[in-house]
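A closer look at the structure
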Amino acid sequence: MHQVALLSWAMAAGLAAALTTNPFYLAPLGAAALAVGSSLARDRGPLRSFALAAALAVALRTALALLGPVSRGSLAAAALEGARLAVVLLVVGAFNAASDPGALLRLAPGRWHELALAVSLALSIAPRTAEAAARVREAQRLRGLPTSGWRALPALAVPVLETGMEEAVTLAESMDARGHGSGPRTRYRPEPWGPRDALVALACAAGGAGFLAAELLGAGGIDAAGAGHVSLALLGALGLLTSPLWPWPRR
Amino acid sequence: MAEALSFAGVGFSYPGAEDPALRGATFSLPEGAFALVAGPTGAGKSTLLRCCNGLVPHFTGGRFEGRVRIGGRDTLEHRPRTLATTVGFVPQDPGASFVLDRVEDELAYAMENLGVPRGAMRRRVEEVLDLMRIEPLRDRSVRQLSGGERQRVAIAAALTAGPRVLVLDEPTSQLDPQGAEDVLAALARLVHELGTTVLMAEHRLERVVGTVDLAVGCKAGEPPRLGPPAEILAWLGAGPPVARLGRILGWRPVPLTVREARRAAGSLGRLPGPPPRPAAGLPAPGEPLLRAQGLHADHGRGSVLRGVDLELRRGEVVALMGRNGAGKTTLLRCLVGLHRPAAGRVAAASGRAPEPGRDAALCPQVPEHLLYRSRVVEEVAVTLRARGRDGAEAQALLEELGIGPLAPRHPREVSAGQRLLVAVAAVVATGAPVLLLDEPTRGLDPEVKGRLSELLRRFAARGGAVIVATHDVELAAALATRVVLLAGGEVIADGPPAEVLADSPVFSPEMTRVFGPGWLTPEQVARALGA
């Protein structure tokens, strides 16, 4: 699927999830996010960690509610707010698992190229830095140095930052040595924009717009207060947000 | 023949540095040359390479004098990005140089930047995939490649723009012997089939000296010299083990390859007696300090270790060898107590599982991951204090390990090789009786190799034990009292180096290949001959 179609799905589904606390909308939306993520995933790692974070979000938000004066209503409201956050996380996780930073980068029009490049590089440098941080932590622990608290900071941060700087310079040099920014670019693998992509983008835009309209009008039982009240129109909008999963004849 | 690359009176100082990194460089490389840049770490090899495409001075700043012309273009007038069609550059750590995720996209990246039409790009990518023999990798993620594959992809990515000159910084330093051979074979194909000019820095001379036809020698504080490899290595006082032997025995000309050494050794007849055991001076192995039994370990998806038994005794220096991915790192992590085995057990001298950092210490693969203080001696004192010992012992420990003079220096300002020694000292200061080293590769020139061997030997002689994971056959031959060969997560050989290193042609040191099993180092052969 084209990256733009995928992006429009993520934005519409994320918007819908952020707007509602009605469990009858959140549940199918969460299921749709999981399905989209697992059917289009290039790499299931992010989906798994985001799913874990989602479960934690619900549990933590509910647990926090137990700290104050507890009533059945306040507990349910907290759980639903946790669920809303969880579904947003699932959508982000699905997009993360299914999108290709390289392809996204090449989509950026020439003038935005530098910005897109920065984002794409950050996406690829982040895991390397995290890995380096884990190794530094381990190495300092073996030396017997503390690895938590602010006193541990120099021993952990200095090596990570310095090796990170060196790697960033290596990368910048390697890009320059391969002609980055020398003139107008061409594309090796243009991503074809097909009728399916157009359909998904349109469907998602309509679905997202549906939720936005319901929020603005205060209609359709979009708030938890209206739980139990479900509008057919919004269920239809939800259906549109599953469009990346619709069967499509192969050419 | 036309010249591909010329330096005329080139000198360079990094910003804020007192001494120039490069001075008076004047030489020119003919088209189609396969040239080696040799010399100790800190002698300016990387600087010289980075001058070739203008990264020095365009990227670094600093004081630059003289002229570098490549393919007829002056690097002061053209920025690195516009020289991309003339010269390809492969940095030391190819992992850090990848921009995109898929191998095929990474190859096309340079051509996209240069605005090459799509049809031409497709053809060129196919050509380069074939040339570097990486066609099966085209859809893989660059993050999932082995070391040798990664290096060949990085070379391919530099080649697609069609440069006439290729510059590489230590392309085989992180590779196992087979991976290194694949990369060197690929470079030789470029030179022979396409007439590309290749200039590469390399420490492990035994790997490359038979393939190159020219060498540039770098010595700190002196102008670099260009000449035939034999002449340049003689000037540097460097060379593979056969050259060292040739110099001790006064052979003329000094041999550079095993084949030349065999010819020269023909006149010696048979060497007297069975080869004596090397590494004399170390006490006979004492009681066990670490014992692994039936060790199984998983990492990520698959199992990495399958039933490893290993015992490490006081006074031993063990070389742990095996191709990339054989399980060396995981084994070290199990032994130090960082990785929990799926089955089997590791026991320290106390009989219990090793406590990380107390029963065994591990020097990380990237020594810079440890260093954060502003003075070397502080780096050691910090460890001592963390172990409840007196930080004032740091200087004495450095002296004992043979690197006392480094004490007042800044750890980031000493050479890459010296940084490794500092990291080892910082880890030794934990007082753990077992020292593990995970493939120390960066900046491991012969001088540092000698110092490291000396340091590890002293550690073992004081009653410790060492395991060093390495691809360096000559280091293992010169240093180890025992060699353990790992393949597919199993120990396939475990014994004295004279036996283990004689079995496989890939893991044989040069002396074994010239004189037969049991002969490991030039010094050993020379002693036997009474030289």
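This one's a predicted model, so the numbers in the text were calculated from it and none came from an experiment.

**Things to note about the interface of chain A and chain B**
The interface of chain A with chain B comprises 48 residues on the first partner and 59 residues on the second. It is A:R143, A:R178 and A:Y188 in chain A that bury the most area against chain B; as a group they hold 22% of the surface buried on that side. Taken together, the connections running from chain A to chain B amount to nine salt bridges. Between B:E106 and A:R178 there is a salt bridge; the shortest N-O distance is 2.8 Å. At the surface where chain A touches chain B, the tally comes to 24 residue pairs in polar contact (both at pLDDT 80 or more). Looking at the side of chain A that touches chain B, the elements that each hand over two or more residues are α5 (101-107), α6 (113-142) and α7 (153-177) of chain A. In terms of residue count, α7(A) provides more of the side of chain A that touches chain B than any other element does, 16 residues in total. By residue class, the composition of the side of chain A that touches chain B is 19 nonpolar, 13 polar and 16 charged.

**Section: the state of the cysteines**
For the coordinates displayed, the defined rule picks out zero disulfides over all chains. Here B:C52 is not disulfide-linked; the sulfur of B:C51 is the nearest cysteine sulfur, at 6.9 Å.

**Overview of the domain arrangement of chain A**
According to the domain assignment, chain A consists of domain 1 (3-103 + 194-245) and domain 2 (112-177). In this structure, domain 1 of chain A and domain 2 of chain A have C-alpha centres spaced 33 Å apart.

**As for the sheet that holds strand β17 (residues 465-469) of chain B**
Residue and element names in this part refer to chain B. Pairing is mixed in the open sheet, where six strands are placed in the order β15-β16-β17-β13-β18-β19. Of all strands in the sheet, those with a lone pairing partner are β15 (360-363) and β19 (490-495), marking the two edges. Sheet twist, expressed as the mean angle between neighbouring strand axes with direction ignored, is 20 degrees. Two elements, strand β18 (residues 482-487) and β19, share five bridges in a ladder whose sense is antiparallel. For V484, the partnering residue across the bridge sits in β19 and is D494. Helix α11 (residues 328-336) rests against β13 (317-321), β15, β16 (434-438), β17 and β18 of the sheet, and its axis sits at about 155 degrees to β16. The strands touched by helix α15 (residues 446-461) are β13, β16 and β17; relative to β16, the strand with the most contacts, the crossing angle is about 155 degrees.

**Digging into the sheet that holds strand β7 (residues 165-169) of chain B**
Residue and element names in this part refer to chain B. Pairing within the open sheet is mixed, and its six strands lie in the order β6-β7-β8-β3-β9-β10. The outermost strands of the open sheet, each flanked by one partner alone, are β6 (87-90) and β10 (225-227). Strand-to-strand, the axes of this sheet are offset by a mean angle of 15 degrees, without reference to chain direction. Bridging between strand β9 (residues 214-217) and β10 involves three bridges; their strand directions are antiparallel. In the sheet register, G217 faces β10, and the bridge partner there is R225. In this fold helix α5 (residues 147-159) packs onto β6 and β7, with an angle of close to 155 degrees to the strand it touches most, β6. Along the sheet, helix α8 (residues 229-236) contacts β3 (34-38), β9 and β10; its crossing angle with β9, the most-contacted strand, is approximately 20 degrees.

**Topic: the nonpolar core**
Residue and element names in this part refer to chain B. If you look at the biggest cluster of nonpolar residues, it comprises 53 residues, and the most contacted ones within it are I155, L166 and L187. It is helix α6 (residues 177-194) that contributes the most residues to this core, eight residues altogether. Each of domain 1 (1-86 + 163-224) and domain 2 (97-155) gives at least three residues to this core. Contacts of L166, omitting those with residues within four sequence positions, involve G88, V90, I155, A158, L159, L187, L190, T196, T197, V198 and L199.

**A closer look at unusual backbone geometry**
Residues and elements named next belong to chain B. Residue V56 is joined to P57 through a cis peptide bond whose omega torsion reads 10 degrees. Note that P57 resides in helix α2 (residues 55-58). In this structure, P253 follows R252 across a cis peptide bond, with omega equal to -10 degrees. Mapped onto the elements, P253 comes out in the loop between α9 (241-249) and α10 (258-265). One non-glycine residue with positive phi stands out, namely E170, at about 45 degrees. We note that E439 has phi near 40 degrees; this positive angle belongs to a residue other than glycine. With respect to the helices, strands and loops of the structure, E439 is situated in the loop between β16 and α15. Taking relative accessible area as the criterion, E439 reaches 8% and is therefore assigned buried.

**Considering the pairing of β7(B)**
Residues and elements named next belong to chain B. Counting buried positions over the five residues of β7 gives five, a clear majority of the element. What you see with β7 is no split at all: V165, V167 and D169 on one side and L166 and L168 on the other are buried throughout. As judged from the four bridges shared by β6 and β7, these two strands associate in the parallel manner. Bridge pairing in β7 links F89 to V167. With α6 bridging β7 and its parallel neighbour strand β8 (residues 197-201), the resulting β-α-β unit is right-handed.

**Observations regarding the pattern of salt bridges**
The full count for this structure, using the stated rule, is 39 salt bridges over all chains. When the shortest N-O distance is used, the salt bridge between B:R291 and B:E311 registers 2.7 Å. Residue B:R291 is located in strand β11 (residues 288-299), and its partner B:E311 is located in strand β12 (residues 302-313); the two are separated by 20 residues in the primary sequence. B:R291 gets classed as partly exposed once you look at its relative accessible area, which sits at 36%. One connected set of salt bridges, linked through shared partners, spans A:R189, B:R102, B:E104, B:D105, B:R122, B:E126, B:E135, B:R138 and B:D139.

Rules and cut-offs
Residues numbered from 1 in each chain as written. Chains lettered and ligands numbered in written order. Predicted model: local features only at pLDDT ≥ 70, side-chain atom pairs only at ≥ 80, totals over all residues. Heavy atoms only, no water. Contact = heavy atoms within 4.5 Å. Buried area = accessible area lost by both parts, 1.4 Å probe. Salt bridge = Lys/Arg side-chain N within 4 Å of Asp/Glu carboxyl O. Polar contact = N/O pair within 3.5 Å; in protein donor to acceptor, adjacent residues only side chain to side chain. Helix = DSSP H or I, 4+ residues; strand = E, 2+ residues; numbered from the N terminus. Nonpolar A, V, L, I, M, F, W, Y, C, P; charged D, E, K, R; others polar. Disulfide = S-S within 2.5 Å. Domains from an automatic or database assignment. Pairing = 2+ DSSP bridges. Axes fitted to C-alpha atoms, helices over the stretch in contact; angles between N-to-C directions. Core = buried A, V, L, I, M, F, W, Y, C linked by side-chain atoms within 4.5 Å. Buried < 20%, exposed > 50% of the residue type's maximum accessible area, 1.4 Å probe, protein only. Right-handed = clockwise from strand over helix to strand, strands pointing away.

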